[in-house]
Structures are given as C-alpha cells and as structure tokens.
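Secondary and tertiary structure notes
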Amino acid sequence: MKISTKGRYGLTIMMALAKKYGEGPVSLKSIAKDHQLSEHYLEQLIAPLRNAMLVKSVRGAHGGYMLTKEASDITAGDIIRVLEGPISPVEVLDDEEPAKRDLWIKIRDAVKDVLDSTTLEDLSSYKGDDDHEYYMFYI
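We now turn to the structure provided with this report.

Cut-offs applied
- Residues numbered from 1 in each chain as written.
- Predicted model: local features only at pLDDT ≥ 70, side-chain atom pairs only at ≥ 80, totals over all residues.
- Heavy atoms only, no water.
- Helix = DSSP H or I, 4+ residues; strand = E, 2+ residues; numbered from the N terminus.
- Buried < 20%, exposed > 50% of the residue type's maximum accessible area, 1.4 Å probe, protein only.
- Areas by Shrake-Rupley, 256 points an atom, 1.4 Å probe, with all protein chains shown as cover.
- Lys, Arg positive; Asp, Glu negative; His and termini not counted.
- Charge placed at Lys NZ, Arg CZ, Asp CG, Glu CD.
- Core = buried A, V, L, I, M, F, W, Y, C linked by side-chain atoms within 4.5 Å.
- Contact = heavy atoms within 4.5 Å.
- Axes fitted to C-alpha atoms, helices over the stretch in contact; angles between N-to-C directions.
- Parallel < 35°, antiparallel > 145°, perpendicular 65-115°, else oblique.
- Left-handed = near helix turned anticlockwise from the far one by under 90°.
- Nonpolar A, V, L, I, M, F, W, Y, C, P; charged D, E, K, R; others polar.
- Expected span 1.5 Å × (residues − 1).
- Polar contact = N/O pair within 3.5 Å; in protein donor to acceptor, adjacent residues only side chain to side chain.

**Points about the overall build of the protein**
Each helix and strand counted, the protein has six helices and two strands in total. In the protein, buried positions account for 28% of the 139 residues. Surface summary for the protein: the accessible area is close to 9700 Å², and the carbon and sulfur share equals 51%. Of the charged side chains in the protein, 18 are positive and 23 negative, and the gap between their average positions amounts to 7 Å.

Structural data, given as structure tokens:
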C-alpha cells in the first residue's frame, strides 16, 4: 500500500484544522499558502472529508472549514480510508499458502493498528526528536 498525495495532503489539511480547532473556520487558501500546496487540489480533497462528516464548511467572508469533532476523536485511519479507500497493503488470496496468507494478514493488521491508534491530536501536537539515528548502508 502506498499513500498517495490524496492521503498526504488530506492529513495536512486535517492537521492544520486541528491546530486551529476552537478558533473558528480556516480557509483552504491559507492552508495552501502555509504548506505551498495547490488550493484547487485541496478543494478536491475537502469534499470527501466533508461528505464523511469529518469537517464542516462555513460560508461567508470569514468562512472556511472546521473539524466536526475534537482532534482526539479522529484517527489517521479515518482520514486515510476516506481519501485512499480500504487499508490493505497486500491482497490476501484464499488459495495462497497458509504461511504467506497469515503474513499478509499480520502486515495488514499492523498497518491498521498504527493508523487507528494515531489520532489527529497526536499528529497536530507532535514534537519531533532530532536525535533520530539515520542509518547508511553501503554495498
């Protein structure tokens, strides 16, 4: 499973709205400007998020979008499923060897667990460590 720009930018929109939660609506124009993204593309992504009732729109001069519930009640899995479809990194075939089928199911479940246990609040309030070790492999 590869997360496309739909999922990536959808998370960007939702994180921006989470950071401004309780402050009123946020325009897609400001999100696009802050993250150097296409406003037109963000408009295409906000519609399914609105249809899934994760965001609501507010019309008017000071309009924009707001989360429909608190960031702690929305998971990364909720957002990715709306924009990317079902989470299934590997197609599980019934006639496949049981050991391989079990491996594919474990991978699928691990990905789902990570996405469903990571809330929008976790993402929007993330304070990263710059102490990560990056490994270089030489051949």
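**Concerning the nonpolar core**
Note that soluble globular proteins tend to have their nonpolar side chains buried in a common cluster. Residues Met-14, Leu-17, Leu-67 and Ile-79 are the most contacted members of the largest nonpolar core, which totals 28 residues. Elements with a minimum of two residues in this core: helix 1 (5–19), helix 2 (28–35), helix 3 (39–51), strand 2 (64–67) and helix 4 (76–84). Ranked by residues supplied to this core, first place goes to helix 1 with six residues. Each residue touching Ile-79, except ones within four places of it in the same chain, is listed here: Gly-10, Leu-11, Met-14, Leu-49, Leu-54, Ile-74 and Leu-120.

**Structural notes on the packing of helix 2 against helix 3**
Two elements in contact, helix 2 and helix 3, have axes whose closest approach is 9 Å; the angle formed by their N-to-C orientations is 125 degrees. By the criterion of interaxial angle, the relationship of helix 2 to helix 3 is oblique. Of the two possible hands of crossing, helix 2 and helix 3 adopt the one that is right-handed. Taking contact as the criterion, the partners of Leu-28, Lys-29, Ile-31 and Ala-32 in helix 2 are, on helix 3, Glu-39, Leu-42, Glu-43 and Ile-46. The class makeup of the residues in the contact of helix 2 with helix 3 is five nonpolar, no polar and three charged.

**Brief notes about unusual backbone geometry**
Despite not being glycine, Gln-36 shows a phi value in the positive range, around 50 degrees. Its place among the elements puts Gln-36 in the loop between helix 2 and helix 3. The exposure class of Gln-36 is exposed, given its relative accessible area of 68%. Its identity is not glycine, yet Met-53 carries a phi of approximately 60 degrees, on the positive side. If you trace the backbone, Met-53 turns up in the loop between helix 3 and strand 1 (55–58). Overall, the relative accessible area of 62% leaves Met-53 in the exposed class.

**Observations regarding helix 3**
Side chains three or four residues apart in an α-helix point the same way, a direct result of the helix having 3.6 residues per turn. Over its 13 residues, helix 3 runs 19 Å from end to end, which matches the ideal 18 Å to within 8%, given 1.5 Å per residue. Of all the residues in helix 3, the buried ones are Leu-42, Leu-45, Ile-46 and Leu-49. Where helix 3 begins, the capping side chain belongs to Ser-38, and its oxygen is found 3.3 Å from the backbone nitrogen of His-40. Count one or two residues on from helix 3 and you reach Met-53, which has phi positive near 60 degrees.

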